Amino acid sequence: MTKILMVCLGNICRSPLAEGILRSKLSNNFIVDSAGTGGWHAGELPDRRSIEIANKNGLDITNQRARKFTKNDFTDFDIIYAMDSSNLKDILQLAPDENAKSKVHLILNELYPNENKDVPDPYYGQNDGFEKVYNMLDKACSNIAKKIMI
Ligand code: 4NP
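Here is a short report on the structure shown in this document. Everything numeric in this text was worked out from a predicted model, so none of it was measured.

## Some points on the site of the ligand
Stage number 1. Surveying the vicinity of the ligand reveals the residues Cys8, Leu9, Gly10, Asn11, Ile12, Cys13, Arg14, His41, Asp121, Tyr123 and Tyr124.
Stage number 2. A distance of 2.9 Å separates an oxygen atom of the ligand from a polar atom in the backbone of Leu9.
Stage number 3. Side-chain polar atom of His41 to an oxygen atom of the ligand: 2.8 Å apart, as the coordinates give it.
Stage number 4. Contact with the protein chains covers 90% of the free accessible surface of the ligand, which is 350 Å².

Here is the structure:
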């Protein structure tokens, strides 16, 4: 069973969407979860705007609750996707060894290989930020699903 973890800063905007979208594209043979490098929102539902854009696209993400990324996640997951380069740096700082580091990737490199693009943080922006984030994550997750379902 392949286990995939989506990670952003707060685990309320981007990574809950990435989790919901990727799960919807995979069979039950995969486990998909998400976490935040920061713990301020631990225990909370996803941001209302993420719930809304997910709903608009036929996904219910209200079963999710935010949690903080921990060192144990390197053991519990096979692939760890960071939403942006700051998340990537924070995750890598906790990695105990090279094997752990090799599990961590920027999610948009699945869409734009080697370009190291960030999924922009929509938290403080306008509502259309969430739609843009949804669309880029949907495309990246389609590529991930194609790659790992082989
Ligand atoms: P996320 O967005 O990392 O996509 O969940 C954020 C949510 C909350 C905060 C920052 C980013 N915050 O600073 O509280």
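This is not the end of the story, as more comes after the structure.
## A short note on the packing of aromatic side chains
Stage number 1. All chains considered together, the criterion is met by 2 aromatic pairs.
Stage number 2. Note on Phe69 and Phe74: the rings are 5.3 Å apart at their centroids and 85° apart in plane angle, and the pair reads as edge-to-face.
Stage number 3. For the pair Tyr123 and Tyr124, a centre-to-centre distance of 4.8 Å together with 75° between the ring planes defines the contact as edge-to-face.
Stage number 4. Residue classification places Tyr124 among the exposed residues on the basis of a relative accessible area of 75%.

Reading the values: the criteria
Residues numbered from 1 in each chain as written. Predicted model: local features only at pLDDT ≥ 70, side-chain atom pairs only at ≥ 80, totals over all residues. Heavy atoms only, no water. Near = heavy atom within 4 Å. Polar contact = N/O pair within 3.5 Å; in protein donor to acceptor, adjacent residues only side chain to side chain. Areas by Shrake-Rupley, 256 points an atom, 1.4 Å probe, with all protein chains shown as cover. Phe/Tyr/Trp six-rings, centres within 6.5 Å; stacked < 30°, edge-to-face > 60°. Buried < 20%, exposed > 50% of the residue type's maximum accessible area, 1.4 Å probe, protein only.

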